[in-house]
Amino acid sequence: MTDRLAFARALYDAVPLYDPKRTPVDLDLTDNTNLWGLPPTAERTLRELAVSRVTRYPSLYAAELKEELARFVGATPECIVTGCGSDDILDSAMRAFGEPGSVVASSEPSFAMIPIFAQMNGLQYVGVTERADHQPDLDALLAAKPRILYLCSPNNPTGALLQRETLERAVREAPGVVFVDEAYAEFSGVSAVELARRVDNLLVIRTMSKAFGLAGLRLGYGIGAAPLVRDVEKSRGPYKLNSVAEQMALAALRHDMHWVQEHVALAVQNRERLATALRDRGYAPLESHANYVCVPVARAVDVGQALRARGVAARPFPALPHVGDTLRVSVGPWDLVQRFLEAFDDATADIYGHAS
């Protein structure tokens, strides 16, 4: 490092750059996005967007979008904050509520960016292995006295749904703020938003990347008590949601909800079909409430590489606690899922030396 860079924050020396090093493939089932495409009105809005929407700054804090999101989740606009993806909400919220050196506690396995965000913001990360039933070990998490307690429901990568009594106890006993990441809530039909409206220390984080098919626009939002949300908004600053994302999200919320609900139902249906197909092959997929299936597979990294050689990608998770090696497979139209199954059969036959 040169002298002119010596001022850089020392804590960043240990922050890893997120880089999964994935080579492009014909069929990518690794990121759990909507494989059916764009909601139709949102797509039309993109094609017809006025040039002035791009040449001028976006709205200050996306007030119009907050109104539509509030209607969608059953909250009020002052209880909504928008962001550049749910990642942005999580990062900004850690900056808003964390003090240097304070603890961010998370159940593991879960969203891989949480320890990175904690490091980036000068916070101490404590990871606690989940219980064998795929629920958080809440006693151990609370024992860490976290300023921020992160929970994910449905959890990534297992697909497990957080038990309501666990959430209520976390909110009741946590010494600081509880984050509940609901990136996949549309697929479970279960949400903590109603609880967030009644307490002052719960922030629910949502996204339009999954069920709404708008991942490339990077649009997330948080729901919580108005003072909580206001602090996250201070941490983010103005003009952070681009005009294209805002207009397409408005179009989807106002005109495309039938499309969204239809494709959520299809994702759930195909998730169960995929789980059945894997069980028929002798595997034991974990119960999932999201738009993916996590299945224990011996030598998952090798199987993942063999799949990529066949133009198909699924996400390997080596040595998950209580489970072992697994593959996480996004679901989409059945012809794509069928293509995965055919490649999976070939790959496992090569790896194990026999058909699965």
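Now for a quick tour of the structure. The structure displayed is predicted, hence computed values, not measured ones. (Residues numbered from 1 in each chain as written. Predicted model: local features only at pLDDT ≥ 70, side-chain atom pairs only at ≥ 80, totals over all residues. Heavy atoms only, no water.)

1. Details of helix H7 (residues 164-173)
Alright, step 1. Of all the positions in H7, only Thr166, Leu167, Ala170 and Val171 are classed as buried. Along the long axis of H7, the arc covered by the buried residues comes to 130°, so they all point the same way. Facing away from the buried side of H7, by more than 90 degrees, are the exposed residues Glu165 and Arg172.
Alright, step 2. Buried-residue contacts for H7 involve helix H6 (138-143), strand S5 (148-152), strand S6 (177-181), helix H9 (193-196) and strand S7 (202-207). (Buried < 20%, exposed > 50% of the residue type's maximum accessible area, 1.4 Å probe, protein only. Helix = DSSP H or I, 4+ residues; strand = E, 2+ residues; numbered from the N terminus. Arc of directions from axis to C-beta. Contact = heavy atoms within 4.5 Å.)

2. A word on the packing of aromatic side chains
Alright, step 1. A full pass over the atoms with the stated rule returns six aromatic pairs.
Alright, step 2. Summarising the aromatic geometry, the rings of tyrosine 57 and tyrosine 239 are spaced 5.3 Å apart at their centres and angled 35° between planes, so their arrangement reads as tilted. Linking tyrosine 57 in the loop between helix H2 (52-55) and helix H3 (63-73) with tyrosine 239 in the loop between helix H10 (226-236) and helix H11 (243-255), this pair joins segments that are 182 residues apart in sequence.
Alright, step 3. Classification of tyrosine 57 as exposed rests on a relative accessible area of 70%.
Alright, step 4. Judged by its relative accessible area of 41%, tyrosine 239 falls in the partly exposed class.
Alright, step 5. Grouped by ring-pair contacts, the aromatic residues Tyr283, Phe340 and Phe344 constitute a single cluster.
Alright, step 6. Across the ring face of tryptophan 334, the terminal group of arginine 273 is positioned such that the distance to the ring centre comes to 3.9 Å. (Phe/Tyr/Trp six-rings, centres within 6.5 Å; stacked < 30°, edge-to-face > 60°. Lys NZ or Arg CZ within 6 Å of the ring centre and 35° of its normal.)

3. As for the packing of helix H4 (residues 85-97) against H10
Alright, step 1. Closest axis-to-axis distance for the H4/H10 pair is 8 Å, and the angle between their directions is 100°. Taken together, H4 and H10 sit at an angle that is classed as roughly perpendicular. Of the residues in H10, those touching H4 at Asp88, Ile89, Ser92, Ala93, Arg95, Ala96 and Phe97 are Leu228, Asp231, Val232, Ser235 and Arg236.
Alright, step 2. Each residue belonging to the contact of H4 with H10 can be placed in one class, and the counts come to six nonpolar, two polar and four charged. (Axes fitted to C-alpha atoms, helices over the stretch in contact; angles between N-to-C directions. Parallel < 35°, antiparallel > 145°, perpendicular 65-115°, else oblique. Nonpolar A, V, L, I, M, F, W, Y, C, P; charged D, E, K, R; others polar.)

4. Let's talk about the sheet that holds strand S11 (residues 315-320)
Alright, step 1. Taken in spatial order, the three strands make up an open sheet running S9-S12-S11, and their pairing is antiparallel. The outermost strands of the open sheet, each flanked by one partner alone, are strand S9 (292-296) and S11. For this sheet, the mean inter-axis angle between neighbouring strands, taken without regard to orientation, is 25°.
Alright, step 2. Bridging between S11 and strand S12 (residues 324-330) involves four bridges; their strand directions are antiparallel. Of the residues in S12, the one forming a bridge with phenylalanine 317 is threonine 326.
Alright, step 3. The sheet contacts of helix H13 (residues 300-309) involve S11 and S12, and relative to S12 the element is tilted by about 35°. (Pairing = 2+ DSSP bridges.)

5. Points about the nonpolar core
Alright, step 1. By size, the foremost hydrophobic cluster in this structure holds 82 residues, and its most contacted members are Leu149, Leu202, Leu274, Leu327 and Phe340.
Alright, step 2. Val15, Ala118, Phe179 and Ile205 belong to the second-largest nonpolar core, a separate cluster that totals 25 residues. (Core = buried A, V, L, I, M, F, W, Y, C linked by side-chain atoms within 4.5 Å.)

6. Quick look at the environment of glycine 222
Alright, step 1. Turning to its location among the elements, glycine 222 is positioned in strand S8 (residues 220-223).
Alright, step 2. Residue glycine 222 is classed as buried on the basis of its relative accessible area of 0%.
Alright, step 3. Residues glycine 222 and arginine 299, 77 residues apart in the sequence, show an inter-C-alpha distance of 38 Å.
Alright, step 4. Once residues lying within four places of it in the same chain are set aside, the contact partners of glycine 222 are Cys79, Ile80, Val81, Ile89, Leu203, Val204 and Ile205.

7. Structural notes on the state of the cysteines
Alright, step 1. Under the counting rule described, the total for this entry stands at zero disulfides.
Alright, step 2. There is no disulfide at cysteine 84, and the cysteine sulfur nearest it, in cysteine 152, is 19 Å away. (Disulfide = S-S within 2.5 Å.)

8. A few points about a nonpolar patch on the surface
Alright, step 1. Together, Tyr57, Leu60, Tyr61 and Tyr239 give the surface a local cluster of nonpolar side chains, amounting to about 460 Å² of exposed area.
Alright, step 2. Examined against the element boundaries, leucine 60 turns out to sit in the loop between H2 and H3. (Patch = residues over 30% accessible without salt bridge, like charges linked within 9 Å, V, L, I, M, F, W, Y side chains within 5 Å. Areas by Shrake-Rupley, 256 points an atom, 1.4 Å probe, with all protein chains shown as cover. Salt bridge = Lys/Arg side-chain N within 4 Å of Asp/Glu carboxyl O.)

9. A few points about the packing of H3 against H11
Alright, step 1. Two elements in contact, H3 and H11, have axes whose closest approach is 10 Å; the angle formed by their N-to-C orientations is 30°. As the angle between them shows, H3 and H11 are arranged roughly parallel. Read as a crossing pair, H3 and H11 show a hand that is left-handed. Of H11, the residues touching H3 (which contributes Glu64, Leu65, Glu68, Leu69 and Phe72) are Glu246, Ala249, Leu250, Leu253 and Arg254.
Alright, step 2. Residues belonging to the contact of H3 with H11 are distributed by class as follows: six nonpolar, no polar and four charged. (Left-handed = near helix turned anticlockwise from the far one by under 90°.)

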